[in-house]
Amino acid sequence: MTADTALRDGQCATTRNWLVREAIMALLFFGTDPNSSGGNCPAVWVDTDTAQGPELVLQGKFADARTRAVCSQDSPPADDEGVIRIPVRMVDQIRKACDAAEAAGSQL
């Protein structure tokens, strides 16, 4: 196993600790697209271990060039940012993640 390999502890939708290059981060997993058949699908987590406070972590399909261009008119992305698409059917998981992030933020 290399230093770039991520190790996960746990198999269910709960806190998962990932070990990547000797750094541990606590991610709270809230779910994937309910219409997907498993891996490689949109997903949402909350990272409660950031210096700036809790953050949402989203996995989704990269937006097409046209969508990125339109989004850039309102908010040009930085070099380390991207535009992704998340299906509306994930609103419930995202809402729960937002509530958890907000609650964790008040505890900092």
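Everything numeric here is computed off the predicted structure, so don't read it as measured data.

This paragraph deals with the nonpolar core. In this structure, Val-44, Val-46, Met-90, Ala-97 and Ala-101 together form the largest nonpolar core, which totals five residues. Only strand E4 (43–47) and helix H2 (91–105) provide two or more residues apiece to this core. Apart from residues no more than four positions distant in its own chain, Met-90 is found in contact with Gly-31, Thr-32, Asp-33, Pro-34, Pro-42, Ala-43 and Val-44.

Here we take up the packing of aromatic side chains. Scanning the model with the defined rule gives one aromatic pair in all. With centroids separated by 5.8 Å and ring planes inclined at 55°, the aromatic side chains of Phe-29 and Trp-45 adopt a geometry described as tilted. In this pair, Phe-29 sits in strand E3 (residues 23–32) while Trp-45 sits in strand E4, placing the two residues 16 residues apart along the sequence.

Next up on the list: the environment of Thr-50. Tracing the chain through its elements places Thr-50 in the loop between E4 and strand E5 (55–59). A residue is classified by how much of its surface remains accessible, and Thr-50, at 17% relative accessible area, is buried. Residues Thr-50 and Ala-26, 24 residues apart in the sequence, show an inter-C-alpha distance of 9.5 Å.

How each quantity is defined
- Residues numbered from 1 in each chain as written.
- Predicted model: local features only at pLDDT ≥ 70, side-chain atom pairs only at ≥ 80, totals over all residues.
- Heavy atoms only, no water.
- Core = buried A, V, L, I, M, F, W, Y, C linked by side-chain atoms within 4.5 Å.
- Buried < 20%, exposed > 50% of the residue type's maximum accessible area, 1.4 Å probe, protein only.
- Helix = DSSP H or I, 4+ residues; strand = E, 2+ residues; numbered from the N terminus.
- Contact = heavy atoms within 4.5 Å.
- Phe/Tyr/Trp six-rings, centres within 6.5 Å; stacked < 30°, edge-to-face > 60°.

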